[in-house]
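A structural walkthrough
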Amino acid sequence: MEPRIPIPRHNFYREQVLAMIAINRESNRVLFLVSKAIEDAERGRKSQAHEEAQEAVAAIEEIHRAEVASEYGKWKNWYRGDWLTGVYRTRELIQVFSRFLDDPQTYIAPPVLWDGWEAYYHIMHYEGARSADVK
């Protein structure tokens, strides 16, 4: 499809179409792999659970690559922080799960109450006194 996109729109196409497809595809892959890893861990297949957890982390890295590749111009660093989707936090939880498979005494942070406030806190501080007229 890309050859059919006008050259001045290539960046936008990569950002709004290709990156979104990659993010959606890899997010679904992460969910699938983590669910399989949990099932395998419950069934005593620790090595398989490790492998699936590592594949899930690799899928998260692919999301990060797609995000970075889609940033350009005034949208450079758009995904930095990723506060609304929680991809970085998900990677951390998967890595803790992987360590837990080998050592059940691994420190596990208390359950995360994700109400989105952290994201809005960062956004509000980034905006400062600026505001947009939405009328």
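My aim in this report is to walk through the structure given alongside it, one point at a time. Since the structure is predicted, the reported quantities are computational estimates derived from the model, not experimental observations.

The next point concerns the overall build of the protein chain. Looking only at helices and strands, the protein chain has 4 helices and 0 strands in total. Start at the N end of the protein chain and walk to the C end: the helices and strands fall as α-α-α-α. A total of 135 residues make up the protein chain; the buried ones form 27% of that total. For the protein chain, the computed accessible surface area is about 10000 Å², with 59% contributed by carbon and sulfur atoms.

Our focus in this paragraph is helix H1 (residues 10–42). The terminal C-alpha atoms of H1 lie 46 Å apart, and with 33 residues this matches the ideal 48 Å at 1.5 Å per residue to within 8%. The principal kink in H1, of about 30°, is found at Ala19. Taken as a whole, H1 has its buried residues at His10, Tyr13, Glu15, Ala19, Ala22, Ile23, Glu26, Val30, Leu33, Ala37 and Asp40. Against the buried residues of H1 lie helix H2 (46–70) and helix H3 (87–102). Gly44, located one to two residues past H1, shows a positive phi value of around 80°.

We now examine the pattern of salt bridges. In total, this model carries 9 salt bridges according to the counting rule given. Glu52 serves as the salt-bridge partner of Lys36, at 3.8 Å between the closest nitrogen and oxygen. Highlighted residues: Lys36 in helix H1 and Glu52 in helix H2, separated in sequence by 16 residues. Between Glu39 and Arg43 there is a salt bridge; the shortest N-O distance is 3.9 Å. Connected through shared salt-bridge partners, Arg25, Glu26, Arg29 and Glu55 make up one network.

To continue, consider the packing of H2 against H3. Remark: H2 packs on H3, axes separated minimally by 10 Å, with the N-to-C direction vectors making an angle of 165°. Comparing their axes, H3 and H2 come out roughly antiparallel. Handedness of the crossing formed by H2 with H3: left-handed. For the pair H2 and H3, the contacting residues are Lys46, Ala49, His50, Ala53, Gln54, Ala56, Val57, Ile60, Glu61, Ile63, His64 and Glu67 in the first and Val87, Tyr88, Thr90, Arg91, Ile94, Gln95, Phe97, Ser98, Leu101 and Asp102 in the second. Taken together, the residues of the contact of H2 with H3 break down into 11 nonpolar, 6 polar and 5 charged.

Here we take up the packing of aromatic side chains. Using the criterion set out here, one finds 0 aromatic pairs in the structure. Residue placement shows Arg9 over the ring face of Phe12; its charged tip is 4.4 Å from the ring centre.

This part is about the packing of H1 against H3. Put simply, H1 and H3 touch, their axes get as near as 12 Å, and they point 20° apart. Considering the angle they form, H1 stands roughly parallel to H3. For the crossing formed where H1 meets H3, the hand is left-handed. On H3, the residues that touch Val30, Val34, Ala37, Ile38 and Ala41 of H1 are Thr90, Ile94, Phe97 and Leu101. Partitioning the contact of H1 with H3 into residue classes produces 8 nonpolar, 1 polar and no charged.

One finds Ile23, Val30, Leu33, Ala53, Ala56, Val57, Ala59, Ile60, Ile63, Tyr79, Val87 and Ile94 forming the largest nonpolar core, which totals 12 residues. Elements that contribute at least two residues to this core include exactly H1, H2 and H3. No other element matches the 6 residues that H2 contributes to this core. Among residues more than four places away in sequence, those in contact with Ile63 are Ile23, Glu26, Ser27 and Val87.

Procedures and definitions
Sequence positions are assigned chain by chain, starting from 1 and proceeding in written order. Confidence filtering applies because this is a predicted model: local features only for residues at pLDDT of at least 70, side-chain atom pairs given and counted only at 80 or more, and all residues used for totals across whole chains, interfaces and linings. Hydrogens are left out, water is left out, and the side-chain values use all remaining heavy atoms of the structure. Secondary structure is summarised from DSSP: a helix means a run of H or I of at least four residues, a strand means a run of E of at least two, and numbering begins at the N terminus for each. Here's how the labels work: a residue is buried when its accessible area is under 20% of the maximum for its type, exposed when over 50%, partly exposed in between, all with a 1.4 Å probe on protein chains only. The Shrake-Rupley method, run with a 1.4 Å probe sphere, supplies the accessible areas, and residue values consider only the shown protein chains as cover. Take the residue count of a helix, subtract one, and multiply by 1.5 Å to get its expected span. One fitted axis covers the seven residues ending at a residue, a second covers the seven starting there, and the bend at that residue is the angle between these axes. Residues count as neighbours in contact if any of their non-hydrogen atoms are within 4.5 Å of one another. We define a salt bridge as a side-chain nitrogen of Lys or Arg found within 4 Å of a carboxyl oxygen belonging to Asp or Glu. Only the contacting stretch of a helix is used when fitting its axis, a line to C-alpha atoms as for every element, and angles between N-to-C directions run 0 to 180 degrees. For classification, angles of less than 35 degrees are called roughly parallel, those exceeding 145 degrees roughly antiparallel, those between 65 and 115 degrees roughly perpendicular, and all remaining angles oblique. Crossing handedness is defined as follows: a turn of the near helix away from the far one that is anticlockwise and smaller than a right angle gives a left-handed crossing, while the clockwise case is right-handed. Gly falls in the polar group here, along with every residue not listed as nonpolar (Ala, Val, Leu, Ile, Met, Phe, Trp, Tyr, Cys, Pro) or charged (Asp, Glu, Lys, Arg). Two rings from Phe, Tyr or Trp (for Trp, the six-membered ring) form a pair when their centres sit within 6.5 Å of each other. Planes less than 30 degrees apart are called stacked, planes more than 60 degrees apart edge-to-face, and all others tilted. We count a charge as sitting over a ring when the NZ of a lysine or the CZ of an arginine lies within 6 Å of the ring centre and within 35 degrees of the ring normal. Among the buried residues, those of types Ala, Val, Leu, Ile, Met, Phe, Trp, Tyr and Cys that are joined through side-chain atoms within 4.5 Å form a nonpolar core.

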